[in-house]
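# Topology and contacts: notes
Here is what each chain is made of, one letter per residue.
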Amino acid sequence: MDLSASGERQISWAARSMPVLTAIGERFSLERPLDGLRIAACLHVTAETAVLMGALKAGGAQIALAASNPLSTQDDVAEALRGYGIAVHARAGVDRAAYYRHIHQALDLAPDLVLDDGCDLVNILHTERTDLLEGVSGGCEETTTGIIRLRQMAAEDALRFPVVAVNDTRTKRMFDNRYGTGQSTLDGIMRATNTMLAGRTVVVAGFGFCGRGVAERAKGFGARVIVTEIDAVKALDATLQGYEVRPMAQAVLLGDLFVTVTGNRDVIRAEHLAAMKDGAILANAGHFDVEIDVRALDELSTEVHRGVRPNTDEYVMPDGRRLLLLAEGRLVNLTAAEGHPAAVMDMSFSAQALAVAWLAGERAGLAPGVYDVPEEIDHEVARLKLAAAGIGIDVLNPEQEDYLHSWRVGS
């Protein structure tokens, strides 16, 4: 089937809510900051990503795109992108072998720059495609999980080129991670289960920006929210915001819905699964499908009923309890729903596009390592977003500027 017309409609709809990235694409088409550069990207193949790809192509780049999660790929968008002249190696629902094959196919472009969402592409470059490393002069990473991996690579002197931590901008952490993840995660859970959150107990594992967003949205729906954490400062923050904080071993006895948002593996393990209530719902909003121990769930169960609802599998325990796993333990917001709203991705992908342009100009002078996005890019994205919304803010007058930059003025 020709899905390109459907993909075009999806991309056009997303672009309506992405005025900043659209404007950047128009600017790129005039300035051509990426002329002659080859970019290999491993990102979620969605309509919002398509708008980013269009902006980079307008800047002069040749692009090959693979999916960073096989269950988030929108096939109609992938087909439409091919019509834009972008090589897309992705298809919804492929197995693990095909997932990695697609990343290799994107790398066959022999890229100058790479864009990653979870560090899988960068990892393959450094382990299996080392022949291409000499030609790669920089990259960008969009996720917390990927940044953790990259910083560890840099600490071990294993990282061979500079990478910009797009995930760590203020606009990304605050709006994408907090508001985007919070809304889209609960959207995916409700689509998959049609469950009512009011009066239910929701356990949120991890109180970073993503976990904070999930907790806020669940509380707004009337849920009782329990937070589990390993970081004392974050646990204290959750406590002072009015959330109940408990170890997971205690929380499993109380929870109706569990959402993992940590970036680590085995957050919910066999001993936790053995203690959960009948009907407990398990959802993951971390990048990789390792936060819930799905293998342990398989081993503990006596029966598995696949697809009791879309993206919902029921595992029957020996004592008759039923545990519901959403989206196979993968990203529930992109598997069971459509990911973040386009208005949120407008900011994240605008920072990504401007960071790529900055990297294209600065890469020759950067040593291998993980770099923060220049602060002026973050401020520009926020300023453009406010302008697009018709919102004005105050400006310091000269006396106020002097006061802030002088130590000689007393009280």
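Residues numbered from 1 in each chain as written. Predicted model: local features only at pLDDT ≥ 70, side-chain atom pairs only at ≥ 80, totals over all residues. Heavy atoms only, no water.

## Here we look at the overall build of the chain
Along the chain, the regular secondary structure elements total 17 helices and 15 strands. For 411 residues, the compact-globule estimate of 2.2 N^0.38 gives 22 Å, and the chain sits close to it at 22 Å. The dimensions of the chain, computed from C-alpha atoms along their principal axes, are 70 × 65 × 45 Å. The buried share of the chain, reckoned over its 411 residues, is 54%. Residue pairs at least 24 apart in sequence account for 69% of intrachain contacts in the chain once pairs closer than 6 positions are excluded. For the chain, the exposed area adds up to about 18300 Å²; of that, 51% sits on carbon and sulfur atoms. (Helix = DSSP H or I, 4+ residues; strand = E, 2+ residues; numbered from the N terminus. Rg over C-alpha atoms; globule rule 2.2 N^0.38 Å. Buried < 20%, exposed > 50% of the residue type's maximum accessible area, 1.4 Å probe, protein only. Contact = heavy atoms within 4.5 Å. Areas by Shrake-Rupley, 256 points an atom, 1.4 Å probe, with all protein chains shown as cover.)

## Side note on the sheet that holds strand E12 (residues 303-309)
The sheet built from eight strands is open, its strands ordered E9-E8-E7-E10-E11-E14-E13-E12 with mixed pairing. Pairing within the sheet leaves two strands with one partner each, and these edge strands are strand E9 (244-245) and E12. Sheet topology note: the strand E13 (residues 312-316)/strand E14 (residues 322-326) ladder contains five bridges and is antiparallel. Along E14, the bridge assignment pairs Tyr 315 with Leu 323. (Pairing = 2+ DSSP bridges.)

## Observations concerning the sheet that holds strand E15 (residues 369-372)
Judged by pairing direction, the sheet is parallel, and its seven strands sit side by side in the order E3-E2-E1-E4-E5-E6-E15 without closing on themselves. A strand with exactly one partner marks an edge of an open sheet, and here the two such strands are strand E3 (87-89) and E15. Within the sheet, the average angular offset between the axes of one strand and its neighbour, ignoring direction, is 20°. Two strands pair when backbone bridges link them, and strand E6 (residues 162-165) and E15 are joined in this way by four bridges, in the parallel orientation. Note that in E15 the partner of Val 164 across the bridge is Tyr 371. Relative to E15, helix H7 (residues 144-155) is tilted by about 130°, and along the sheet it contacts strand E5 (138-141), E6 and E15. (Axes fitted to C-alpha atoms, helices over the stretch in contact; angles between N-to-C directions.)

## What to know about the pattern of salt bridges
Inspection of the entire model under this criterion finds 30 salt bridges. Residue Asp 120 pairs with Arg 149 through a salt bridge whose shortest N-O separation is 3.2 Å. One end of the pair, Asp 120, is in helix H6 (residues 120-127); the other, Arg 149, is in helix H7, and 29 residues separate them in sequence. On the accessibility criterion, Asp 120 (7% relative accessible area) is buried. Here Arg 149 falls in the partly exposed class, since its relative accessible area comes to 34%. A salt bridge links Asp 319 to Arg 321, with the nearest nitrogen and oxygen atoms 2.8 Å apart. Here Asp 319 falls in the exposed class, since its relative accessible area comes to 54%. Through salt bridges with shared partners, one network takes in Arg 96, Asp 289, Glu 328 and Arg 330. (Salt bridge = Lys/Arg side-chain N within 4 Å of Asp/Glu carboxyl O.)

## Describing the layout of surface pockets
Quantified by volume, the second largest pocket comes out at close to 410 Å³. Around the second largest pocket, the lining is made up of 21 residues, and of these Arg 149, His 287, Phe 288, Asp 289 and Val 290 lie nearest the centre. Elements supplying a minimum of two residues to the lining of the second largest pocket: helix H5 (96-107) and H7. Looking at the lining of the second largest pocket residue by residue, the classes come out as seven nonpolar, seven polar and seven charged. (1 Å grid on protein atoms, 1.4 Å probe; cavity = no way out; pocket = protein on both sides within 12 Å on 5 of 7 lines; lining within 4 Å. Points joined across faces, edges and corners; volume = space filled by probe spheres on them. Nonpolar A, V, L, I, M, F, W, Y, C, P; charged D, E, K, R; others polar.)

## Section: unusual backbone geometry
The backbone of Arg 32 shows a phi angle near 50°, a positive value even though the residue is not glycine. Despite not being glycine, Ala 327 has its phi angle at roughly 55°, a positive value.

## Comments concerning helix H4 (residues 75-83)
Taken together, the buried positions of H4 are Asp 76, Val 77, Ala 78, Ala 80 and Leu 81. Close packing links the buried residues of H4 with helix H1 (4-16), helix H3 (47-58), strand E2 (62-67) and E3.

## Structural notes on the nonpolar core
With 52 residues, the main nonpolar core has Ile 39, Met 53, Leu 56 and Leu 115 as its most contacted residues. By residue number, the principal contributor to this core is helix H15 (residues 342-362), which donates 12 residues. Setting aside its immediate chain neighbours within four residues, Leu 56 contacts Phe 28, Leu 34, Ile 39, Ala 61, Ile 63, Leu 115, Ala 353 and Val 356. Ala 64, Val 94, Leu 109 and Leu 159 belong to the second-largest nonpolar core, a separate cluster that totals 28 residues. (Core = buried A, V, L, I, M, F, W, Y, C linked by side-chain atoms within 4.5 Å.)

## Digging into the packing of aromatic side chains
All told, the structure shown has three aromatic pairs when counted by the stated rule. When the centroid spacing of 6.0 Å and the interplanar angle of 25° are considered together, the rings of Phe 175 and Tyr 179 count as stacked. Separated by four residues within a single helix, Phe 175 and Tyr 179 lie in helix H8 (residues 170-193), roughly one turn from each other. On the basis of an interplanar angle of 65° and a centroid distance of 5.6 Å, the ring pair of Phe 207 and Tyr 243 is categorised as edge-to-face. Of this pair, Phe 207 sits in the loop between strand E7 (201-205) and helix H9 (209-220) while Tyr 243 sits in the loop between helix H10 (232-240) and E9, and the two are 36 residues apart along the sequence. Its end group placed over the ring of Phe 209, Arg 212 keeps NZ or CZ at 5.0 Å from the ring centre. The ring of Tyr 243 carries the charged tip of Lys 219 above its face, separated from the ring centre by 5.1 Å. (Phe/Tyr/Trp six-rings, centres within 6.5 Å; stacked < 30°, edge-to-face > 60°. Lys NZ or Arg CZ within 6 Å of the ring centre and 35° of its normal.)

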